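# Examination of the molecular architecture
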Amino acid sequence: MKLTRALTPLAVALVASAAFTTQSLSAQSSGVYTAAQAKAGAAIFTAQCSMCHGDKLEGISGPALAGSDFMSKWSGQTVDDLRDIVTTQMPLTSPGSLKPAEVLSVLAYILQQNKYPAGDTALTAAKTKSVKIVKQG
Ligand code: HEC
């Protein structure tokens, strides 16, 4: 009896934290960009990135930006980490030439190609910090 009573608050706390984790994970990966943003990103990607990263983001001279290798390399990091690289180092031929909104569009496209679902609100620089790179589906 005593044991049960002692364990109940613990069980409640565990259930509550499990629920919280599920909720925050889904908040981080579902609907974090808009379809329009990804479409704009696709155009930029085709013009400025696909010659090195591939039409399907499969990687050519540059590394793959979608698929299992990309996921395992970036798993656990956030879209803000990707944003840093794209902002300061890409495109490799003209680093730092994309405007902040263009970087966000390209990131939205990369998320879309990695099966993140589109939503009603656009990806913003602030939001990238809370979007974890995790395998979708
Ligand atoms: C001239 C070829 C070239 C172009 C154009 C180019 N990249 Fe890259 N990109 C690379 C190479 C090479 C690397 C690896 C650099 C390294 O590891 O130091 C890279 C790395 C990256 C990475 C980090 C990937 C990883 O797993 O380390 C991202 C993200 C990225 N590029 C995005 C872009 C985007 C977005 C564009 C278009 C705006 C772009 N790149 C244009 C060649 C290119």
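Structure: see above.
Before going into details, it helps to say that this report is about the structure given with it. All figures in this text were calculated on a predicted structure; none of them were measured in a lab.

With that settled, the discussion passes to the overall build of the protein chain. Counting secondary structure elements, the protein chain contains seven helices and zero strands. Secondary structure elements in the protein chain, listed N-terminal to C-terminal, are α-α-α-α-α-α-α. Counting across all 137 residues of the protein chain, residues that qualify as buried make up 32%. Considering only intrachain contacts with a sequence separation of at least 6, the fraction spanning at least 24 residues in the protein chain is 64%. Summed over all atoms, the accessible surface of the protein chain reaches about 8200 Å², with 63% contributed by carbon and sulfur.

Here we take up the environment of Pro117. For Pro117, the location among the structural elements is in the loop between helix H6 (100-113) and helix H7 (125-128). Residue classification places Pro117 among the partly exposed residues on the basis of a relative accessible area of 39%. The sequence separation of Pro117 and Ala35 amounts to 82 residues, and the corresponding C-alpha distance is 8.8 Å.

Moving on to the packing of helix H2 (residues 35-48) against H6. Close contact between H2 and H6 brings their axes to 7 Å; oriented N to C, the two are set at 100 degrees. On the basis of their axis angle, the class for H2 and H6 is roughly perpendicular. Along its contact with H2, which presents Gln37, Ala38, Ala40, Gly41, Ala42, Ile44 and Phe45, the element H6 presents Glu102, Leu104, Ser105, Val106, Ala108, Tyr109 and Gln112. Taken together, the residues that form the contact of H2 with H6 break down as nine nonpolar, four polar and one charged.

The rules behind each value
- Residues numbered from 1 in each chain as written.
- Predicted model: local features only at pLDDT ≥ 70, side-chain atom pairs only at ≥ 80, totals over all residues.
- Heavy atoms only, no water.
- Helix = DSSP H or I, 4+ residues; strand = E, 2+ residues; numbered from the N terminus.
- Buried < 20%, exposed > 50% of the residue type's maximum accessible area, 1.4 Å probe, protein only.
- Contact = heavy atoms within 4.5 Å.
- Areas by Shrake-Rupley, 256 points an atom, 1.4 Å probe, with all protein chains shown as cover.
- Axes fitted to C-alpha atoms, helices over the stretch in contact; angles between N-to-C directions.
- Parallel < 35°, antiparallel > 145°, perpendicular 65-115°, else oblique.
- Nonpolar A, V, L, I, M, F, W, Y, C, P; charged D, E, K, R; others polar.

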